[in-house]
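Coordinate analysis (summary)
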Amino acid sequence: MAFWRFLDYITEGHQNPISDWYGTLIPEAQAEFDVLVKTLSETEDWDGPKRKKRKYKQLTKAHVGLTELIFKVNAKNLRPIGILVNVHREFIFLGGCEKHTFWTVPRNAFDEALRLKVKFEQGRGTTREHI
Amino acid sequence: VNTFSEGWSKLAKSKKYREAFVFSLFKRMVPFQIQSLRKQRHWSQMLLARNSNLTQGVISRAEDPDYGNLTIKTICRIAAGFDVAFIGKFVPFSELNKWYVDVTEKSVQIPSFNDEVLEPKRETEEVEAEPISAAVTAYIYQQREKSFGDDCTLRIPLLEKMIGSRQVVSIVPRAARQGLLPNELQMPPRKNTCGNGAASAATN
């Protein structure tokens, strides 16, 4: 039994934002993402490594409430975004992006994730086990 | 996160994905295992470094899943530090996928060589603990009285020779400490004597 569960948020329109983003990644990034999720699901304490080396970050300011997972492929900073539910040891994916200093690809990925978070909290849409 | 068939269908997508997956898995799973083994033993990076004859900085890098430049030599030294084996083995993807699906923090926590060797012995001891006969124990105490008084440290090597079984000898003091010996096998009360000469004088 894994320590952490990863779930996909499914919108009311039956869209799966993390799966859609995953589909745009190159195979190297897809593999890296899959193994990252696997190792995190089997890691009890995500705070074990020093802060700079942790594989997740809880966002602040405009995007407070969101959490990003952190990995890098071919010098691109890739960030799956979601909600970390510590109590239930769950991470609910709301989307993902390539992060640059002043913008993301796709554009406004964090704002979009925040919008989905609100919908999720209103009980709109569903979740399903991440594959 | 993944079942075997889900993992398999991803691997079947493309050769590029498979290549990247193997690389990524190796890059992340070796640090994951090192961290898990260290956690299992409650060791600091410094202690592992000392046991592996490496520096703490090397261990820190070895545990960094993003480092990706670990050498075979470093991995083997770390394995030696834990007193476990490391096998770099070519396997078909079915085997890799099965391992990947089943891998957990607990499953990668493995015993050192010493723990592996000593553990079955302890189990045997527990099994053997029951059938110690009164005759054997009486014989042990008789010999002890004759030779060494109550000095346990002197008694044990001798009894090992006499009985030819380390298991029986180690059980008796342990069982006595835990108050598990039946009444007829309890150690006789300690005499107020000092030294071997006094002990043998008393018994003679």
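Residues numbered from 1 in each chain as written. Chains lettered and ligands numbered in written order. Predicted model: local features only at pLDDT ≥ 70, side-chain atom pairs only at ≥ 80, totals over all residues. Heavy atoms only, no water.

Of the volumes computed, that of the largest pocket is approximately 1,200 Å³. Considering the residues around the largest pocket, the lining is formed by 29 residues, among which B:Gln33, B:Phe86, B:Ile87, B:Lys89 and B:Trp99 are closest to the centre. Contributing elements (two or more residues each) for the lining of the largest pocket: α2 (15-41), α5 (72-82) and α6 (93-102) of chain B. Among the elements that make up the lining of the largest pocket, the one with the highest residue count is α2(B) (eight residues). Classifying every residue of the lining of the largest pocket by side-chain character gives 24 nonpolar, three polar and two charged. As a volume, the second largest pocket reaches approximately 700 Å³. As for the second largest pocket, its lining consists of 29 residues, and the residues nearest its centre are A:Asp45, A:Gly48, A:Pro49, B:Gln35 and B:Glu63. Elements that contribute at least two residues to the lining of the second largest pocket include exactly α2 (27-41) of chain A together with α2 and α4 (56-62) of chain B. Of the residues belonging to the lining of the second largest pocket, the class tally is nine nonpolar, nine polar and 11 charged. (1 Å grid on protein atoms, 1.4 Å probe; cavity = no way out; pocket = protein on both sides within 12 Å on 5 of 7 lines; lining within 4 Å. Points joined across faces, edges and corners; volume = space filled by probe spheres on them. Helix = DSSP H or I, 4+ residues; strand = E, 2+ residues; numbered from the N terminus. Nonpolar A, V, L, I, M, F, W, Y, C, P; charged D, E, K, R; others polar.)

As a further point, take the packing of aromatic side chains. In this description, an aromatic ring pair is defined by two values, namely the gap between the centres and the angle between the planes. Under the criterion given, the structure shown has 14 aromatic pairs over all chains. For the pair A:Phe91 and A:Phe93, a centre-to-centre distance of 5.1 Å together with 70° between the ring planes defines the contact as edge-to-face. Comparing A:Phe91 with A:Phe93 shows no difference in burial state: the two are buried. Ring pairs connect the aromatic residues A:Trp4, A:Phe6, A:Trp21, A:Tyr22, A:Phe33, A:Trp46, A:Tyr56, A:Phe71, A:Phe91 and A:Phe93, which therefore count as one cluster. In this structure, A:Lys38 is placed above the aromatic ring of B:Tyr100, and the distance from its NZ or CZ to the ring centre is 5.5 Å. Over the face of the ring belonging to B:Trp43 we find B:Arg41, whose NZ or CZ atom lies 5.9 Å from the ring centre. (Phe/Tyr/Trp six-rings, centres within 6.5 Å; stacked < 30°, edge-to-face > 60°. Buried < 20%, exposed > 50% of the residue type's maximum accessible area, 1.4 Å probe, protein only. Lys NZ or Arg CZ within 6 Å of the ring centre and 35° of its normal.)

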